[in-house]
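Spelled out, the chains give:
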Amino acid sequence: MRKILFNIFCLGWVIFFIYLGAWQVERMNWKKGLIKQVEMYKAEDPVQFRIDDFDQKRDLFKKVFLFGKFLHENEILLSAKYFSATQDKNELGYHVITPFITTDGAIVFVNRGWVPEKYKTRESRPDSLYENNVETTIEGVVRESSGQAPWYMPQNMPEKNVWFWIDIPAMIKSLKDKTELQNIRPVLIQQTNLTTKNDFKYPVPISGDIQFYNQHLTYVITWFSMALMTLVMWGIYIRKNRNKV
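Quick look at the structure, then. Source: prediction; values computed, not measured.

1. Side note on the overall build of the protein
Secondary structure assignment for the protein yields four helices and seven strands. Secondary structure elements of the protein occur, N-terminal to C-terminal, as α-β-α-β-β-β-β-β-α-β-α. Relative to its full complement of 245 residues, the protein shows a buried share of 38%. Within the protein, residue pairs in contact and separated by at least 24 positions form 66% of the contacts whose partners lie at least 6 positions apart.

This is how it looks when you write it as structure tokens:
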């Protein structure tokens, strides 16, 4: 009975390692597709964003420009964001996500960039607010508008207007609950140009130079190697036990 349980245990680990390896193959191919799309759009000039011609999958990472107006009174702050991804001794702050009504009547979400803690409130940075009545032009990159938070991040609390990660469907619902705005679209634009008054530098736009690092091949080799090593050790164990008989 003990041998049977041990064999089942070994078989379970082999299957588990193979599953992880196959999953990483899938992730590797997905990442290759993203990198290819980023490189394709990186070489192109920005094009005018038109909601009637928008396709999330096709236009992901495309460089665009939009005409319209910010709805600053409905901005959303993403908490606990470093200005630099190195997370050394840089100051913590927020990413400012602001609804933007385009000239064709659609409302999209724009990540305007980063502000430090001292400029958290709109009242503390009036020069960051481009007049609602004045049409402006923004440049940016189309980003993913759906997804799940990493396991290590806290959950958003829309009812308290506390946000830690971008959840566009939840942001649309929150905006609809608070306003009578219509034609809100699940579109996220990462702004790359500065649109403030008197050359005020906040929010600092996020770089449009998007880079992905594909290390999935390393994980593929690791998990399949673990499966092979387990098979080899299991085979040695079976052979030794046969010789004892």
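2. Quick notes on a negative patch on the surface
A contiguous patch of negative charge, built from Asp52, Asp53, Asp55 and Asp104, is present on the exposed surface. Within the element layout of this structure, Asp52 appears in the loop between strand E1 (47-48) and helix H2 (56-59).

3. What about the pattern of salt bridges?
In this structure the tally under the stated criterion is two salt bridges. Its salt-bridge partner being Glu75, residue Arg125 comes within 2.5 Å of it at the nearest N-O pair. Of this pair, Arg125 sits in the loop between strand E5 (107-116) and strand E6 (136-143) while Glu75 sits in the loop between strand E2 (63-70) and strand E3 (76-82); the two residues are 50 residues apart in sequence, bridging distant segments of the chain. An identical accessibility class is assigned to Arg125 and Glu75; each is buried. A salt bridge links Asp177 to Lys173; the nearest nitrogen and oxygen atoms lie 3.1 Å apart. Remark: Lys173 and Asp177 occur in helix H3 (residues 168-178); sequence separation between them is four residues, near one turn of the helix. Considered together, Asp177 and Lys173 belong to a single accessibility category, that of exposed residues.

4. Describing the packing of aromatic side chains
Applying the stated criterion across every chain, the model contains 12 aromatic pairs. Seen from their ring centres, Phe70 and Phe100 are 5.0 Å apart, and the 75 degrees between their planes marks the pair as edge-to-face. Here Phe70 is found in strand E2, whereas its partner Phe100 is found in strand E4 (residues 92-102), with 30 residues between them in sequence. Look at Phe70 and you get buried, because its relative accessible area is 1%. The class of Phe100 is buried, set by a relative accessible area of 0%. Ring centres 5.9 Å apart and planes at 70 degrees place the aromatic pair Phe200 and Tyr202 in the edge-to-face group. A single burial state applies to Phe200 and to Tyr202, both of which are buried. Each residue in the set Phe9, Trp13, Phe16, Phe17 and Trp223 is aromatic and connected to the rest through ring pairs, giving one cluster. Residue placement shows Arg112 over the ring face of Phe70; its charged tip is 4.7 Å from the ring centre.

5. Notes on the environment of Val141
Relative to the helices and strands, Val141 resides in strand E6. Spatially, the C-alpha atom of Val141 lies 8.0 Å from that of Leu60, the residues being 81 residues apart in sequence.

6. Let's talk about the side chain of Gln191
Along the polypeptide, Gln191 turns up in strand E7 (residues 184-191). What makes Gln191 buried here is its relative accessible area of 0%. Looking at Gln191, its side chain comes within polar contact range of the main-chain oxygen of Asn193, at 2.8 Å.

7. Focus on the pairing of E5
Burial analysis of E5 places 10 of its 10 residues in the buried class, the great majority of the element. As paired strands, E4 and E5 are joined by nine bridges and run antiparallel to one another. Opposite Thr98, over in E5, you have Val110 as the bridge partner. Sheet analysis places E5 next to E7, joined by four bridges and oriented parallel. Across the sheet, Val110 pairs through a bridge with Ile189, a residue of E7.

About the thresholds
Residues numbered from 1 in each chain as written. Predicted model: local features only at pLDDT ≥ 70, side-chain atom pairs only at ≥ 80, totals over all residues. Heavy atoms only, no water. Helix = DSSP H or I, 4+ residues; strand = E, 2+ residues; numbered from the N terminus. Buried < 20%, exposed > 50% of the residue type's maximum accessible area, 1.4 Å probe, protein only. Contact = heavy atoms within 4.5 Å. Patch = residues over 30% accessible without salt bridge, like charges linked within 9 Å, V, L, I, M, F, W, Y side chains within 5 Å. Areas by Shrake-Rupley, 256 points an atom, 1.4 Å probe, with all protein chains shown as cover. Salt bridge = Lys/Arg side-chain N within 4 Å of Asp/Glu carboxyl O. Lys, Arg positive; Asp, Glu negative; His and termini not counted. Charge placed at Lys NZ, Arg CZ, Asp CG, Glu CD. Phe/Tyr/Trp six-rings, centres within 6.5 Å; stacked < 30°, edge-to-face > 60°. Lys NZ or Arg CZ within 6 Å of the ring centre and 35° of its normal. Polar contact = N/O pair within 3.5 Å; in protein donor to acceptor, adjacent residues only side chain to side chain. Pairing = 2+ DSSP bridges.

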